[in-house]
Amino acid sequence: MFQWYLAIYSIQSGMTHGAAAVMHLKQIDDDTIAAAFLSDDDEIRPVIQTATALFLIFVALMSDEIGFGVGMSTAHSQFQQEANRLYEPS
């Protein structure tokens, strides 16, 4: 939950309360400013990492409580390995 607070809530609340508005401006060639509608990778990366972690936790808990079987355990293991590969520090 704390990871969600750090990675997602802080970004969402900044956008909701207007605190992040300056972050989402870009300078155009004629020295005017405009809205930058796409966030950069550094802003998106922690949100996706946290969402992936929450997804993996959810699948593990559901599998433990409901018992989806070997197929889901194998899929979860593969998701976990892929997440580890993608998000390992470079």
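Our structure's up above, just so we're on the same page.
Residues numbered from 1 in each chain as written. Predicted model: local features only at pLDDT ≥ 70, side-chain atom pairs only at ≥ 80, totals over all residues. Heavy atoms only, no water.

Draft legend 1. Summary view of the overall build of the protein. When helices and strands are tallied, the protein shows three helices and two strands. From first element to last, N terminus to C terminus, the protein shows the α and β order α-β-β-α-α. Classification of the 90 residues of the protein by burial places 16% in the buried group. Taking all contacts inside the protein whose residues are at least 6 apart in sequence as the whole, residues at least 24 apart take part in 41%. Accessible area for the protein stands at about 7100 Å²; split by element, carbon and sulfur atoms hold 62% of it. (Helix = DSSP H or I, 4+ residues; strand = E, 2+ residues; numbered from the N terminus. Buried < 20%, exposed > 50% of the residue type's maximum accessible area, 1.4 Å probe, protein only. Contact = heavy atoms within 4.5 Å. Areas by Shrake-Rupley, 256 points an atom, 1.4 Å probe, with all protein chains shown as cover.)

Draft legend 2. Quick look at the pattern of salt bridges. Inspection of the entire model under this criterion finds one salt bridge. The partner of Arg85 in a salt bridge is Glu82, and the shortest N-O contact between them spans 2.5 Å. One end of the pair, Arg85, and the other, Glu82, are both in helix α3 (residues 70-87), three residues apart, so they sit about a helical turn from each other. (Salt bridge = Lys/Arg side-chain N within 4 Å of Asp/Glu carboxyl O.)

Draft legend 3. Region of the structure containing the environment of Met62. Mapping Met62 onto the fold places it in helix α2 (residues 41-66). Classification of Met62 by relative accessible area gives partly exposed; the value is 27%. With sequence-adjacent residues up to four places away left out, Met62 is seen in contact with Gly67 and Phe68.

Draft legend 4. Focus on the packing of α2 against α3. Viewed as axis vectors pointing N to C, α2 and α3 meet at an angle of 160°, and their least axial separation amounts to 10 Å. Here α2 lies roughly antiparallel to α3, going by the angle between them. The chirality of how α2 crosses α3 is left-handed. Where α2 abuts α3, its residues Ile48, Gln49, Thr52, Phe55, Leu56, Val59, Ala60 and Ser63 lie against Met72, Ser73, His76, Phe79, Gln80, Ala83 and Tyr87. Grouping the amino acids of the contact of α2 with α3 by side-chain chemistry returns nine nonpolar, six polar and no charged. (Axes fitted to C-alpha atoms, helices over the stretch in contact; angles between N-to-C directions. Parallel < 35°, antiparallel > 145°, perpendicular 65-115°, else oblique. Left-handed = near helix turned anticlockwise from the far one by under 90°. Nonpolar A, V, L, I, M, F, W, Y, C, P; charged D, E, K, R; others polar.)

Draft legend 5. Seen up close, α2. Spanning 26 residues, α2 covers 36 Å between terminal C-alpha atoms, matching the ideal 38 Å at 1.5 Å per step. Every buried residue of α2 is accounted for by Glu43, Thr50, Leu56, Val59 and Ser63. The positive-phi residue at the C-terminal boundary of α2 is Gly67, with phi of around 75°. (Expected span 1.5 Å × (residues − 1).)

Draft legend 6. Broad picture of the packing of aromatic side chains. Summed over all chains, the structure comprises one aromatic pair. For the ring pair Phe55 and Phe79, a centre distance of 5.5 Å and an interplane angle of 70° mean the geometry is edge-to-face. With a gap of 24 residues between them, Phe55 in helix α2 and Phe79 in helix α3 connect regions that are remote in the sequence. (Phe/Tyr/Trp six-rings, centres within 6.5 Å; stacked < 30°, edge-to-face > 60°.)

Draft legend 7. Expanded view of a nonpolar patch on the surface. Together, Leu54, Ile57 and Leu61 give the surface a local cluster of nonpolar side chains, amounting to about 270 Å² of exposed area. Assessed through its relative accessible area of 36%, Leu54 is described here as partly exposed. (Patch = residues over 30% accessible without salt bridge, like charges linked within 9 Å, V, L, I, M, F, W, Y side chains within 5 Å.)

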